[in-house]
Amino acid sequence: MNDNVDRIDDIVESIAPVLGMESIEKAAEPPEVQHPLVLEVKHVNGGYRTPGLIGRGKYHQVLFDVDFNIRHGEIMGLVGESGTGKSTLAKMILGMEKPEQGQIIHYTKRPQIIFQDPYSSLNPAYSVEWSLEEPLRVFGKYDEPERKRRVREMLARVELPEECLYAKPSELSGGQRQRVSIAAALIRRPRFIIADEPVSALDVTIQAQILQLLRDLREELDLSYLFISHDLNVVYQLCDRVLVMKKGRIVEQGTVDEVYDHPKEEYTKQLLAAAQ
Amino acid sequence: MKKYKLNGYLVAGIILTGIIILWIIAGRFYTPYNPTKMSSAKLQGPSLAHLFGTDKFGRDIFSRVMQGSGTTLVIAVLTILIGSVCGTIVGAMTGYFGGMLDEVLMRINDALTAFPSILLALVIISILGPGKQNVIIALGIVFIPSYARVTRTAFASQREVNYITSARLMGASSSRILLVHMLPNTLHVLLPAMTIGFNNAVLAEASMSFLGIGVTPPDVSMGYMLSEAQGMFKSAPWYALSVGMVIALLVFGVGLIGEGLQRRNKEVD
């Protein structure tokens, strides 16, 4: 029943043209039924401009012919050194920046992001309950009892006790905050999540718990992920396929086993050697 | 809850300011004597009958201060309201949107800041004419730039923070992001700035009225009374002293609140 409601939401919630969301093109039919793809990134070139005094300023290209797709239910890893354009790519997929050339096609409703730093991803002025309810308030389709019900349900899914609802982010631990951030990203039931280094700020034991949670949520909520990380061990544990990025180019992609066992590129070999 | 944690400065400031404000509000409804009624008891020093003495027309100074400080309080409160509301709007727009708007508004802001504030108020008064309302408008305008600068930094520092990015991704409107998501996180700089602004406004009103460009009769304010007291400083020194004391206590009380707020911020950090 609930699932039906969410399917309708998928269709009802248009990808509103908010702040550069124009770059996202929505396919005509809700394709996840027939179509196994959730995201297609087609030959994307892009970068940023340093703001000039007059005109558009100097252009710095960051991404070069990035081309991949993500299939339904898949966890796609994205690895590479810092500064190779992983976060720029994430911003483009989220519609916060426009590609200079190429296309990004979404087959699900608007993706959400889980950030690396659990300290800045929750508004310090508000309680956890407020932060979880806000996406639903902004969405504006549910009345208050329904919002509260969904917030509590999602809190249980990320395995947090109900007392957490009334806490401020400053009263929670890093792991708890990251669970709240995950809940906030999932509260509107997106089908596709970008996780930008979601565990690299956490202790190793907490890391393992959060990774397990992400795995469980994929099954329960029918999710696909783009999992950005510089930690190849974490990617190996979690992901199905992996993209290796170097200086704005995808230099290698394939299943985790292929890439880890038989790396083709010298760069991938170096990364793997460094991770040993 | 942690949020409402008090400290000694805050408690002392709230008590002191509270007493003075209650006293001033009481003055709206009741004064021991009619503050404008002249009597034969001229130039009397402080006594039980006249706590602050009387002036050379035999008016009770305690009653006059009770009423006059009300005018000053209203001017100061409205001034910081105008200054902080307009300043926060400017600060929010420039801090959040940036770009050309930021450049233009902040350069105007710099230009306004470059004037000594009393001089700027004087220019505005000479255009609008004196009087209580115009003092409020003039001081309000003079106070905008400092609030704009303080809040701009607080808004700009949140612009790229993850929880604001999330708010944008969930489709929240700019006005909702500014008012609901960002504004509460600027209060830690805005509230202390308002207490400092309040004190500056009390002193600015006093100086303007003292110079004769402030409130006009029948309104009576602290500054107006000070300039009146100047004329009888030798015959009735208690006049200037009692007015000065009330100004000093009010400024001290609000200053304590400001200090308390700032210290509380540091503890939270």
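Before going into details, it helps to say that this report is about the structure given with it. The residue numbering used here restarts from 1 in each chain and proceeds along that chain's sequence as written. Whichever chain is written first becomes A and whichever ligand is written first becomes 1, with later ones labelled in order. Reporting in this predicted model follows two pLDDT cut-offs: at least 70 for local features of residues, and 80 or more for side-chain atom pairs to be given and counted; totals over whole chains, interfaces and linings ignore these cut-offs and use all residues. Note: side-chain values were computed over all heavy atoms of the structure, leaving out hydrogens and water.

1. Digging into the overall build of chain B
Within chain B one finds 10 helices and zero strands. Secondary structure counts use DSSP, requiring at least four H or I residues in a row for a helix and at least two E residues in a row for a strand, with both numbered from the N terminus. When its helices and strands are written in sequence order, chain B yields α-α-α-α-α-α-α-α-α-α. In terms of overall dimensions, chain B has C-alpha extents of about 75 × 45 × 25 Å along its principal axes. Among the 269 residues that make up chain B, the fraction classed as buried is 48%. Long-range pairs, those at least 24 residues apart, make up 71% of the contacts in chain B with a sequence separation of at least 6. All accessible-area figures derive from a Shrake-Rupley calculation using a 1.4 Å probe, and residue coverage is judged against the displayed protein chains alone. For chain B, the computed accessible surface area is about 12900 Å², with 70% contributed by carbon and sulfur atoms. Counting rule applied: Lys, Arg positive; Asp, Glu negative; His and chain ends not counted. Taken as the charge centre is NZ of Lys, CZ of Arg, CG of Asp or CD of Glu, depending on the residue. A distance of 4 Å separates the average location of the 20 positive side-chain charges in chain B from that of its 12 negative side-chain charges. Burial classification: accessible surface area is computed with a 1.4 Å probe over protein chains only, and a residue below 20% of its type maximum counts as buried, one above 50% as exposed, and the rest as partly exposed. When checking whether two residues touch, look at their non-hydrogen atoms; a contact exists if any pair is within 4.5 Å.

2. Topic: the packing of helix H4 (residues 117-128) of chain B against helix H5 (residues 132-159) of chain B
Packed helices, taken two at a time, are described by their axes: the angle between them and the distance between them. All names here are of chain B. Put simply, H4 and H5 touch, their axes get as near as 9 Å, and they point 140° apart. As far as their axial angle goes, H5 and H4 are oblique. Classified by chirality, the crossing of H5 by H4 is right-handed. Every residue of H5 that contacts H4 at Ser117, Leu120, Ala121, Ile124, Ile125 and Leu128 is listed here: Asn134, Val135, Ile137, Ala138, Leu139, Ile141 and Val142. Fitted lines through C-alpha atoms serve as axes, helices being fitted only where they are in contact, and the angles separating the N-to-C directions of these axes extend from 0 to 180 degrees. By the definition adopted for this analysis, an angle is roughly parallel if under 35 degrees, roughly antiparallel if over 145, roughly perpendicular if from 65 to 115, and oblique otherwise. Should the near helix be turned anticlockwise from the far one by less than a right angle, the crossing is left-handed, and should it be turned clockwise, the crossing is right-handed.

3. With respect to the pattern of salt bridges
Residue and element names in this part refer to chain A. Each reported salt bridge corresponds to a side-chain nitrogen of Lys or Arg within 4 Å of a carboxyl oxygen of Asp or Glu. Considering all chains together, one arrives at 27 salt bridges over all chains under this definition. Of the charged contacts in the structure, one is a salt bridge between Glu129 and Lys148, with a shortest N-O distance of 3.5 Å. With a gap of 19 residues between them, Glu129 in helix H3 (residues 128-139) and Lys148 in helix H4 (residues 144-157) connect regions that are remote in the sequence. Looking at Lys148, the relative accessible area reads 24%, which means it is partly exposed.

4. Notes on the nonpolar core
In this description, a nonpolar core means a group of buried Ala, Val, Leu, Ile, Met, Phe, Trp, Tyr and Cys residues linked to one another through side-chain atoms lying within 4.5 Å. Among the nonpolar cores identified, the biggest contains 51 residues, and Leu132, Ile182, Leu186, Leu217, Phe227 and Tyr260 of chain A are the most heavily contacted of them. Once residues lying within four places of it in the same chain are set aside, the contact partners of Leu132 of chain A are Val151, Leu155, Leu165, Val180, Ala183, Ala184 and Ile187 of chain A. Residues Phe52, Val65, Ala204 and Leu250 of chain B belong to the second largest nonpolar core, which totals 48 residues.

5. Focus: the sheet that holds strand E9 (residues 241-246) of chain A
Residue and element names in this part refer to chain A. Reading across the sheet, the six strands line up as E6-E7-E8-E4-E9-E10 and stay open at both edges, with mixed pairing between neighbours. Edge positions in the open sheet fall to strand E6 (112-114) and strand E10 (249-255), since each of these has one partner strand only. Taking the axes of each pair of neighbouring strands and ignoring which way they run, one obtains an average angle of 20° across the sheet. Summarising the sheet, strand E4 (residues 75-79) and strand E8 (residues 224-229) pair through five bridges and their orientation is parallel. Looking across to E8, one finds that Val79 is bridged to Ser229. Helix H6 (residues 204-221) contacts E4, E6 and E8 of the sheet and is inclined by roughly 160° relative to E8. A pair of strands counts as paired when DSSP detects no fewer than two bridges linking them.

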